[in-house]
Amino acid sequence: MDLVFLRGLRIETVIGIYDWEKAIRQSVVLDLEMGADVARAAATDHIADALDYKAVAKRLKQFVGEGRFELVETLAERCAEIVREEFGVPWVRLTVNKAGAVTDAEGVGVIIERGVRP
């Protein structure tokens, strides 16, 4: 299996457990590695045969940007579901970084893997 990646996708959303967090928008940064077979796309040189990372980014920006979440775990799980179900990705590793959530830390968050990696 090959990997298609998307790194540093910054999205503003409402996320947090505290009342003050529920009243503001904060940045989360997503990094994805998605299992795909790129051989056909490489052979045809057509986007229709590829995992369209621009379409994935657009969909996640729409979903996360319009959503409201308490936990980064929930956000990660929902994003992984979208990638797998809507884009036919058999395996995904997704990092959600809620930068600035902890003083003196560069970032905090979760890394999840969903699906079967052959």
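Let me begin by describing the structure that accompanies this report. None of these values were measured; they are calculated from a predicted model.

The rules behind each value
- Residues numbered from 1 in each chain as written.
- Predicted model: local features only at pLDDT ≥ 70, side-chain atom pairs only at ≥ 80, totals over all residues.
- Heavy atoms only, no water.
- Buried < 20%, exposed > 50% of the residue type's maximum accessible area, 1.4 Å probe, protein only.
- Helix = DSSP H or I, 4+ residues; strand = E, 2+ residues; numbered from the N terminus.
- Pairing = 2+ DSSP bridges.
- Contact = heavy atoms within 4.5 Å.
- Phe/Tyr/Trp six-rings, centres within 6.5 Å; stacked < 30°, edge-to-face > 60°.
- Lys NZ or Arg CZ within 6 Å of the ring centre and 35° of its normal.
- Expected span 1.5 Å × (residues − 1).
- Polar contact = N/O pair within 3.5 Å; in protein donor to acceptor, adjacent residues only side chain to side chain.

So, on to the pairing of strand β2 (residues 26-36). In terms of burial, β2 is a largely internal element, 10 of the 11 residues being buried. The sheet contact formed by strand β1 (residues 2-15) and β2 spans 10 bridges and is antiparallel. Each residue of the ladder has a partner; that of D2, found in β2, is A36.

Moving on, we get to the side chain of K98. Relative to the helices and strands, K98 resides in the loop between β4 (91-97) and β5 (109-115). The class for K98 is buried, based on a relative accessible area of 9%. When residues no more than four places from it in sequence are discounted, the contact partners of K98 are I15, G16, E21, Q26, S27, V72 and V108.

As a further point, take the packing of aromatic side chains. Overall, the coordinates contain one aromatic pair when judged by the stated rule. If you follow R7 out to its NZ or CZ, it ends over the ring of F5, 4.0 Å from the centre.

An ideal rise of 1.5 Å per residue puts 20 Å on 14 residues; helix α2 (residues 53-66) measures up with 20 Å between its terminal C-alpha atoms. Elements in contact with the buried residues of α2: β1, β2, β3 (68-69) and α3 (72-87). Of the residues that open α2, the one with a side-chain oxygen 3.1 Å from the backbone nitrogen of K54 is D52.

We now examine the environment of T95. Inspection of the secondary structure puts T95 in strand β4. Residues T95 and H46, spaced 49 residues apart in sequence, show a C-alpha to C-alpha distance of 29 Å. Here T95 is in contact with V29, L30, D31, V110 and I111, once residues within four sequence places are set aside.

Moving on, we get to the environment of D2. Residue placement: D2 occurs in strand β1. By relative accessible area, D2 is classed as partly exposed at 30%. Sequence spacing of D2 and A36 is 34 residues, and the spatial spacing of their C-alpha atoms is 5.2 Å. With residues up to four places along the chain from it excluded, the contact list for D2 reads M34, G35, A36, D37, V38 and A39.

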